[in-house]
Amino acid sequence: MAGSWDGSYDPGSQSDDSHHFERLHIEPLYDAFVCPLTKQVMRDPVTLENGQTFEREAIEKWFKECRESGRRLVCPLTQKELKSADLNQSIALRNTIEEWTTRNEAAQLDMARRSLNMNSSEDDVLLSLRFIQRICQKNRSNKHVVRNADLIPMIVDMLKSSSRKVRCKALETLLAVVEEDEDNKVVLGPPETKHSMAAYLGDLVLNNDVKVHVAKTVGESLINIMKSGNMQSREAALKALNQISSFDASSKVLIEAGILPPLVRDLFTVGQLPMRLKEVSATILSNVVNSGYDVDSIPIGPDHQTLVSEDNVHNLLHLISNTGPPIECKLLQVLVGLTNSPTTVLNVVAAIKSSGATISLVQFIEVPQKDLRMASIKLLQNLSPHMGQELADALRGTVGQLSGLIRVISENTGISEEQAAAAGLLAELPERDLGLTRQMLDEGAFQLIISRVVKIKQGDIRGTRFVTPFLEGLVRVLARVTFVLSDEPDAVALCREYGLAALFIDLLQTNGIDNVQMVSAAALENLSLESKNLTRLPEMPPPGVCATIFPCFSKQPVITGLCRVHRGTCSLKESFCLLEGRAVHKLVALLDHTNAKVVEAALAALSTLLDDGVDIEQGVSVLCEAEGIKPILDVLLEKQTENLRRRAVWVVERLLRNDDIAYEVSGDQNVSTALVDAFHHADYRTRQIAERALKHVDKIPNFSGIFPNMG
């Protein structure tokens, strides 16, 4: 009977279909029922002026193509010209076709009924199910026909088939039968039917579209079974919900159907479910929380409590500390989902602090189970912007945890999500925590990180979606060594040995990764600030006897090769001098970056050339030679952020100590206006500096041609 009800009615075909229709006493297909253009049975037949009949949609398309191509309007069958494109509805023919279709579908439905049993071949069962699904999707009234023919229980029985294809098609067919039909849903109401559906839903592998369809159609029924069924039925329902919830869109449907309150109750209530089912419940909760739905809007307890209410987060933390690794992993993933959202992360942070659970969470870094370890690292990464010091203290105070993070980062297995999360966690810890940096120095962490950064820059590691967050995290962790240079000789030695200044200058040109450029500029600021302390000052020879007796005869020797800015012997490697490292042009180039934070970091690094303790006049000359004056003034004029304005006012005041620059700027009303605005509206310190800058300008007449390109 293969092909008897697959919807293919092509009279020109010599397939076996016609033989099956004859043998099974289905009414024959008349040529008059078939559109000459589509070769399909017509639904809306219309007649032309020459008496030829076509499907309305097909002949209208034909006429449209004739007009668009500039051809004469002809009959597609006779190719004779038509005087008119008028279409006359063939009501009698349409009624005849509808009656014929109804009789054939009834006969085919009877054939389908006879094939829905375990003794039929897989092909026959699939064809039967496909036909039932098709007629239900075609016409809503056909769903009543299927119900009245008692086919729904027979379709449910097909869920027990040994054939996976049959089970999947039976499920699809059931969904088509009950969709938007409350009467048919009632037929699925008996507990044994619901149990069968739930049991076999849990065993099927569903694609994402089917998961959404299942959630919309029977999700509420499955949730009701989960709430009130016997343990066997609840287990079946949980397994089905577990699979359906693994897709975000279907998870959201389940949330709206009310899955959260009973799910949380089952997890938190002792003895409500055996441990193996609590693991399934925890998995479902993880799925729905990580779907992106605003779970904080769903009440799950008295007094409008939600999942992120303090008591409920405490319950989650208690379960995490008192269950096995599989449940712990899923519940940590629940917390990851809750801390991914800016609307709920602070609630979780407050609950963790009030429960004193920080050390317990940090200890999961050392567990052997990779999924559990990764969930804990991702959670700690999400928490670190809000409780960085607490996490730093816990990592320093707990043996092995910091080493565990470094070990994850150093694994040579490409770049994984876990590695990116570990780097991101370390990156968020307080950068000036000297104890943590010292411990990382002692454990050789920075050498490992340098190696990874260099490999990424050289292209030895690439091709995964975690490269960018991993690199961002590594560079931020590496930069922390530059914050302790004045307190930690080992940090200076590390920077010298591994050429960190040169590496950060190279990273300035990591286009497209703003955070890497910003952090690299900030690290160069720290390194450059230390240059004046590391520069070797020239040793003057002792004066001769004549010079001692007759000072007028003394003459200071001229020493060449000294750094203009630091007045000593400089190098990029030993003293981290930006001038020697040819970094000034690269930092100036970042001043027109679209990201204000990158601009601020670059300006801060450049400002070290004008700092107290260096030759400011020479620093100004260096910036002039690098064509940096106009970009710096532009930063002041744009005043994108308050921090940028504060920094720009400081730098501009130093520049204006140079008479030539002050002479030029005095003719630019925009700069004066920007300084006046800072004087009136900035913080107290910046107002003082702006006042000094204005005094420099006010001393100078309004004319100069020194910087013709300043505009």
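Residues numbered from 1 in each chain as written. Predicted model: local features only at pLDDT ≥ 70, side-chain atom pairs only at ≥ 80, totals over all residues. Heavy atoms only, no water.

Some details on the overall build of the protein chain
Moving on, step 1. Across its full length, the protein chain holds 37 helices and 3 strands.
Moving on, step 2. Rg of the C-alpha trace for the protein chain: 39 Å, well past the compact-globule value of 27 Å for 711 residues, more than 25% over.
Moving on, step 3. With the principal axes as the frame, the protein chain shows a C-alpha extent of 135 × 80 × 50 Å.
Moving on, step 4. Relative to its full complement of 711 residues, the protein chain shows a buried share of 49%. (Helix = DSSP H or I, 4+ residues; strand = E, 2+ residues; numbered from the N terminus. Rg over C-alpha atoms; globule rule 2.2 N^0.38 Å. Buried < 20%, exposed > 50% of the residue type's maximum accessible area, 1.4 Å probe, protein only.)

Brief notes about the state of the cysteines
Moving on, step 1. Enumeration according to the criterion identifies 0 disulfides in this entry.
Moving on, step 2. Cysteine 570 forms no disulfide, and the closest cysteine sulfur to it belongs to cysteine 563, at a distance of 3.8 Å.
Moving on, step 3. Among the residues examined, cysteine 570 registers a relative accessible area of 13% and is labelled buried. (Disulfide = S-S within 2.5 Å.)

Focus: the packing of helix H34 (residues 642-655) against helix H36 (residues 669-681)
Moving on, step 1. Where H34 meets H36, the axes come as close as 11 Å, and the angle between the chain directions of the two elements is 120 degrees. Taken as axis vectors, H34 and H36 run oblique relative to one another. The handedness of the crossing between H34 and H36 is left-handed. In contact with Arg645, Val649 and Val652 of H34, H36 contributes Leu675, Asp677, Ala678 and His681. (Axes fitted to C-alpha atoms, helices over the stretch in contact; angles between N-to-C directions. Parallel < 35°, antiparallel > 145°, perpendicular 65-115°, else oblique. Left-handed = near helix turned anticlockwise from the far one by under 90°. Contact = heavy atoms within 4.5 Å.)

Some details on the environment of alanine 648
Moving on, step 1. For alanine 648, the position within the fold is in helix H34.
Moving on, step 2. When the C-alpha positions of alanine 648 and arginine 536 are compared, they lie 30 Å apart, and in sequence the two are 112 residues distant.
Moving on, step 3. Among all residues touching alanine 648, those that are not within four sequence positions of it are Leu603, Val635 and Leu636.

Details of the nonpolar core
Moving on, step 1. Core analysis: the biggest nonpolar cluster contains 211 residues, and Ile132, Ile259, Leu285, Leu338 and Phe504 have the highest contact counts within it.
Moving on, step 2. Among the elements that line this core, the one with the most residues is helix H19 (residues 370-397), at 11 residues.
Moving on, step 3. When residues of this core are assigned to domains, at least three map to each of domain 2 (189-316) and domain 3 (627-702).
Moving on, step 4. Of all hydrophobic cores here, the second largest spans 19 residues; its members include Cys35, Ile59, Phe63 and Val74. (Core = buried A, V, L, I, M, F, W, Y, C linked by side-chain atoms within 4.5 Å. Domains from an automatic or database assignment.)

Structural notes on the pattern of salt bridges
Moving on, step 1. Within this structure, the stated rule accounts for 27 salt bridges.
Moving on, step 2. Its salt-bridge partner being glutamate 390, residue lysine 353 comes within 3.4 Å of it at the nearest N-O pair. Of this pair, lysine 353 sits in helix H17 (residues 345-355) while glutamate 390 is found in helix H19, placing the two residues 37 residues apart along the sequence.
Moving on, step 3. A salt bridge links glutamate 366 to arginine 407, with the nearest nitrogen and oxygen atoms 2.9 Å apart. With a gap of 41 residues between them, glutamate 366 in the loop between helix H18 (358-362) and H19 and arginine 407 in helix H20 (residues 401-410) connect regions that are remote in the sequence.
Moving on, step 4. The class of arginine 407 is partly exposed, set by a relative accessible area of 45%. (Salt bridge = Lys/Arg side-chain N within 4 Å of Asp/Glu carboxyl O.)

Structural notes on the sheet that holds strand S2 (residues 53-55)
Each strand in a sheet pairs with another by means of backbone hydrogen bonds, the pair being arranged parallel or else antiparallel.
Moving on, step 1. Strand order in the open sheet formed by 3 strands is S2-S1-S3, and the pairing between neighbours is antiparallel. Strand pairing shows two members of the sheet lacking a second neighbour, S2 and strand S3 (88-89), which therefore form its edges.
Moving on, step 2. Two elements, strand S1 (residues 45-47) and S2, share 3 bridges in a ladder whose sense is antiparallel. Residue pairing in the sheet places threonine 47 in a bridge with threonine 53 of S2.
Moving on, step 3. Against the sheet, helix H2 (residues 56-69) engages S1, S2 and S3, with an angle of about 95 degrees to S2.
Moving on, step 4. Helix-sheet contacts for helix H3 (residues 91-115) involve S1, S2 and S3, and the interaxial angle to S1 is about 155 degrees. (Pairing = 2+ DSSP bridges.)

Things to note about the domain arrangement of the protein chain
Moving on, step 1. You can read the domains of the protein chain as domain 1 (25-99), domain 2 (189-316) and domain 3 (627-702).
Moving on, step 2. With centres defined by C-alpha atoms, the gap from domain 2 to domain 3 works out at 62 Å.

Observations regarding H19
Moving on, step 1. Between its first and last C-alpha, H19 extends only 23 Å over 28 residues, short of the 40 Å set by a 1.5 Å rise per residue.
Moving on, step 2. When the local axis directions of H19 are compared, the greatest deviation, roughly 110 degrees, occurs at methionine 387. (Expected span 1.5 Å × (residues − 1). Bend = angle between axes of the 7 residues up to and from the residue.)

What about the packing of aromatic side chains?
What characterises a pair of aromatic rings is the spacing of the ring centres plus the angle enclosed by the ring planes.
Moving on, step 1. Under the defined criterion, the tally for this structure stands at 2 aromatic pairs.
Moving on, step 2. The interplanar angle of 70 degrees and the centroid separation of 5.3 Å between the aromatic rings of tyrosine 30 and phenylalanine 33 together place this pair among those described as edge-to-face.
Moving on, step 3. Each member of the aromatic cluster is reached from another via a ring pair, and the members are Tyr30, Phe33 and Trp100.
Moving on, step 4. Lying over the aromatic face of tryptophan 62, arginine 71 brings its terminal NZ or CZ to 5.4 Å of the ring centre. (Phe/Tyr/Trp six-rings, centres within 6.5 Å; stacked < 30°, edge-to-face > 60°. Lys NZ or Arg CZ within 6 Å of the ring centre and 35° of its normal.)

Brief notes about H3
Moving on, step 1. End to end, H3 covers 36 Å across 25 residues, agreeing with the expected 36 Å (1.5 Å per residue, within 8%).
Moving on, step 2. Among the residues making up H3, those that are buried are Leu93, Ile97, Trp100, Thr101, Asn104, Glu105, Gln108, Leu109, Met111, Ala112 and Ser115.

Some thoughts on the confidence of the model for the protein chain
Moving on, step 1. Averaged over all residues, the pLDDT of the protein chain equals 86, while 90% of them reach at least 70.
Moving on, step 2. Counted against residues more than four places away or in other chains, residues 1-25, with its pLDDT under 50, gives 48 contacts.
Moving on, step 3. Every residue in residues 699-711 scores below 50 in pLDDT, and together they form 24 contacts with partners more than four places removed in sequence or on other chains. (pLDDT = per-residue confidence, 0-100.)

Regarding unusual backbone geometry
Moving on, step 1. Backbone geometry at histidine 304 places phi at a positive 60 degrees, although glycine is not the residue there.
Moving on, step 2. Note on placement: histidine 304 falls in the loop between helix H14 (275-289) and helix H15 (310-322).
Moving on, step 3. For glutamate 627, which is not glycine, the phi dihedral falls at a positive 55 degrees.
Moving on, step 4. Along the polypeptide, glutamate 627 turns up in the loop between helix H32 (616-625) and helix H33 (629-638).

Quick look at the side chain of aspartate 611
Moving on, step 1. As for its position among the elements, aspartate 611 is in the loop between helix H31 (596-607) and H32.
Moving on, step 2. Not counting chain neighbours up to four residues away, the residues in contact with aspartate 611 comprise Leu529, Lys532, Ile616, Trp650 and Arg654.

Thoughts on the packing of H33 against H34
Moving on, step 1. The contact between H33 and H34 brings their axes to 8 Å, and the two run at 140 degrees. Comparing their axes, H34 and H33 come out oblique. You can see that H33 and H34 cross each other, and the crossing is left-handed. For the pair H33 and H34, the contacting residues are Ile629, Ile632, Leu633, Val635 and Leu636 in the first and Leu644, Ala648, Val649, Val651, Val652 and Leu655 in the second.
Moving on, step 2. Split by residue class, the contact of H33 with H34 holds 11 nonpolar, no polar and no charged. (Nonpolar A, V, L, I, M, F, W, Y, C, P; charged D, E, K, R; others polar.)

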